[in-house]
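These are the residues of each chain, in order.
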Amino acid sequence: MNRSNHYTQLVRICVYAFFLLAAQFWGGASVGIAQNRLIDIRYWSSPTFTRIVLDLKTKAHYDAFSLVKPHRLVVDLKDFDGPAPKKLVKIRDGIVKQVRTSRKDPKTVRIVIDLAKKSNHKIFPLKKISTKPPRLVIDIRRPDLEKADRAAREQTRKLKQTQGDVVVVIDPGHGGEDPGTVSKQGTREKDIVFAIAKKTVAKLNRKKGLKAYLTRKGDYFIPLRRRIEIAKQYGADVFVSIHVDSSFSSKVYGSSVYCLSFKGASSNAAKMAARKENASDFIGGVPLDHYNRDLNAIIVDLVQTHNLNSSLRLAGLMLKEIAKINRLHTKKPHQADFAVLKAPDIPSVLIETDFMSNPRREKRMKTAWFQNEYANRITAALTRFLAGRTPPVQQYYAQSGLILHTIKRGETLSHIAQQYNTTVSRLRTLNNLSSKSIIRYGQKLRVKPGKAAKRTKPAPTYHIVKKGESLSSIAQQYNTTVSRLRTLNNLSSKNIIRYGQKLRVKPAKTAKRTRPSPTYHIVKKGESLSSIAQKYNTTVSRLRTLNNLSSKNIIRYGQKLRVL
């Protein structure tokens with residue numbers, strides 16, 4: 001190349017560079033940085049956090065910072081063109097008040113999120129996936145609400161130690177940003193499974209000895225790993241995740257039940273189902289740092305064989321019950337690597353209710369009748385699975401010498417401690433009771449009897465003689481006899497009891513302090529009030545009071561007098 005040609009090429013490069021920089025500066029050339037636009041904004045509220053999702057034209061470049069007095073989160077979206085509405089959305093869910101926008105400069109849109117209280121936040125972009133455009137996810141979390149929510153679940157686990165109930169956790173799949181399978185008519189999987197799950201929990205909670213809870217209580221997204229953590233916090237004995245299937249064919253239909261497998265899927269259908277359900281985190285939006293550790297590392301390296309066998313048995317019972325109201329797609333339980341089933345100490349199954357891709361089955365799944373009957377079948381299978389099953393807490397009781405005592409009417413901590421040869425202080429410690437706690441009838445208490453624990457022999461009972469009482473009336477009160485009272489108190493037939501005297505009484509086994517029924521005497525010839533009073537170990541004054549007699553009244557032969 002000669003010097004002239006070299007010079008000409010250098011000039012061309014410089015001119016091209018100049019126009020390229022000018023295009024980027026004035027925004028007039030298509031070769032510059034791609035301009036972004038806000039396509040849509042959506043949000044979901046949970047009891048502890050709010051998720052705001054911005055649908056964008058291209059990947060977001062942003063800065064974020066917090067402000068106080070009042071509390072706000074500010075997100076600056078760079079390289080934006082197009083309109084920016086001043087008010088985006090009002091939320092007012094106790095976490096976020098509203099979302100508004102403004103133009104910081106011609107290329108930057110400022111999004112301001114007004115907060116109800118001081119909160120934590122996490123912001124992360126998501127790539128385009130399926131029909132969803134590039135997104136920016138903003139999670140606003142209230143630490144105080146999360147702490148209270150976690151404490152409530154852990155309190156449930158602690159109550160198992162005193163109540164002895166079996167805990168079932170029902171997981172409605174998907175939610176929030178992740179709708180699951182969506183039909184051509186717009187029916188969403190997350191809505192159908194939530195309806196079935198709610199009905200199942202309500203039915204289980206009517207069963208004695210069972211407590212059931214949902215992983216999500218509304219339409220919001222929960223990562224797969226978080227669902228396991230929630231079940232553990234509840235102290236779950238069984239975990240059931242409910243989903244809806246889909247297929248390329250509109251003719252496929254029927255229910256399936258799956259269990260976990262680390263050895264690979266038991267069928268191609270199981271492999272496809274696991275792939276679909278495990279994609280929930282990527283569709284719903286989970287930051288990449290959530291996957292720094294494999295799920296196996298946060299649970300255990302291997303799932304216990306006993307637990308897998310229990311899961312397979314539960315899956316078999318589910319299929320038998322579901323077959324009563326719906327056709328089965330697979331007649332035996334299948335296994336695959338479902339992330340949501342990776343809890344080593346909890347028997348877990350995943351139910352694919354039916355196929356959303358089949359229009360007839362979609363229409364059927366939307367009916368209240370189907371949802372109610374499906375919930376009935378899940379409840380029946382769980383009831384059969386748990387029938388006669390000793391809750392782990394009771395196994396622990398047997399090993400540690402603890403027993404459960406159900407409080408009867410009138411019992412106090414002092415009385416219960418005396419029965420089991422222990423102390424009130426020990427009962428309070430075992431049951432997390434303070435000195436201000438009040439025990440209730442029917443409440444179950446953990447008790448560890450003393451070494452020589454026996455129901456103590458009741459101490460002798462004494463009775464203070466009241467005015468007008470006789471040995472006969474006292475004997476009647478305590479379900480005993482006059483003879484027994486005389487023996488206990490060394491009284492002869494001639495001894496007269498006196499007002500205020502302390503008598504030893506020993507009630508019979510079925511003794512109840514009953515109000516004495518009135519006793520009457522028919523006056524015989526020659527009898528006087530004095531002789532009648534002596535006969536019934538009472539006084540003339542008492543007889544006159546009982547019979548409305550004055551000192552001037554004279555009793556007559558055959559007259560009926562009340563003497564007790």
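Structure first, text after, so check above.
Source: prediction; values computed, not measured.

(A) Spatial organisation of helix α10 (residues 368–386). For α10, spanning 19 residues, the distance from its first C-alpha to its last is 27 Å, which sits close to the expected 27 Å at 1.5 Å a residue. Within the sequence span of α10, burial applies to Phe-370, Gln-371, Glu-373, Tyr-374, Ala-375, Arg-377, Ile-378, Thr-379, Ala-381, Leu-382, Phe-385 and Leu-386.

(B) Quick look at the nonpolar core. Ile-170, Val-240, Met-318 and Leu-382 are the most contacted members of the largest nonpolar core, which totals 37 residues. Of all the secondary structure elements, the ones that give two or more residues to this core are β10 (166–172), α3 (189–204), β11 (210–214), β12 (238–245), β13 (256–260), α8 (305–322), β15 (348–355) and α10. Excluding residues that lie within four positions of it along the chain, Leu-382 makes contacts with Val-168, Ile-170, Leu-204, Val-238, Val-240, Leu-314 and Met-318.

(C) Examining the pattern of salt bridges more closely. One pass over the structure, following the stated rule, counts 20 salt bridges. Glu-177 is the salt-bridge partner of Arg-135, the closest N and O atoms lying 2.8 Å from each other. Pair noted here: Arg-135 is in strand β9 (residues 135–141) and Glu-177 is in the loop between β10 and α3, with a separation of 42 residues, a long-range link. Overall, Arg-135 belongs to the buried group, its relative accessible area being 2%. Ionic pairing is found between Arg-153 and Asp-149, a salt bridge with its closest N-O pair at 2.8 Å. Here Asp-149 and Arg-153 lie together in helix α2 (residues 143–163), a separation of four residues that amounts to about one turn. Linked by salt bridges that have partners in common, Arg-42, Asp-55, Lys-132, Arg-135 and Glu-177 make up one network.

(D) Spotlight on the packing of aromatic side chains. Summed over all chains, the structure comprises three aromatic pairs. On the numbers, 5.2 Å between centres and 40° between planes, the contact of Phe-370 with Tyr-374 is tilted. Of the two residues, Phe-370 and Tyr-374 both sit in helix α10, four residues apart, roughly one turn of that helix. Tyr-374 matches Phe-370 in its accessibility class, with the two residues each being buried. Taking the ring centre of Tyr-462 as reference, the NZ or CZ of Lys-502 above it sits at 4.5 Å.

(E) Structural detail: the packing of α3 against α10. Where α3 contacts α10, the axes come no closer than 8 Å and their chain directions differ by 50°. Taken together, the axis directions place α3 and α10 in an arrangement best described as oblique. Here α3 runs over α10; the crossing is right-handed. Here Ala-195, Ile-196, Lys-199, Thr-200, Lys-203 and Leu-204 of α3 lie close against α10, whose contacting residues are Ala-368, Gln-371, Asn-372, Tyr-374, Ala-375, Asn-376, Ile-378, Thr-379 and Leu-382. Its residues assigned to classes, the contact of α3 with α10 shows eight nonpolar, five polar and two charged.

The rules we used
- Residues numbered from 1 in each chain as written.
- Predicted model: local features only at pLDDT ≥ 70, side-chain atom pairs only at ≥ 80, totals over all residues.
- Heavy atoms only, no water.
- Helix = DSSP H or I, 4+ residues; strand = E, 2+ residues; numbered from the N terminus.
- Expected span 1.5 Å × (residues − 1).
- Buried < 20%, exposed > 50% of the residue type's maximum accessible area, 1.4 Å probe, protein only.
- Core = buried A, V, L, I, M, F, W, Y, C linked by side-chain atoms within 4.5 Å.
- Contact = heavy atoms within 4.5 Å.
- Salt bridge = Lys/Arg side-chain N within 4 Å of Asp/Glu carboxyl O.
- Phe/Tyr/Trp six-rings, centres within 6.5 Å; stacked < 30°, edge-to-face > 60°.
- Lys NZ or Arg CZ within 6 Å of the ring centre and 35° of its normal.
- Axes fitted to C-alpha atoms, helices over the stretch in contact; angles between N-to-C directions.
- Parallel < 35°, antiparallel > 145°, perpendicular 65-115°, else oblique.
- Left-handed = near helix turned anticlockwise from the far one by under 90°.
- Nonpolar A, V, L, I, M, F, W, Y, C, P; charged D, E, K, R; others polar.

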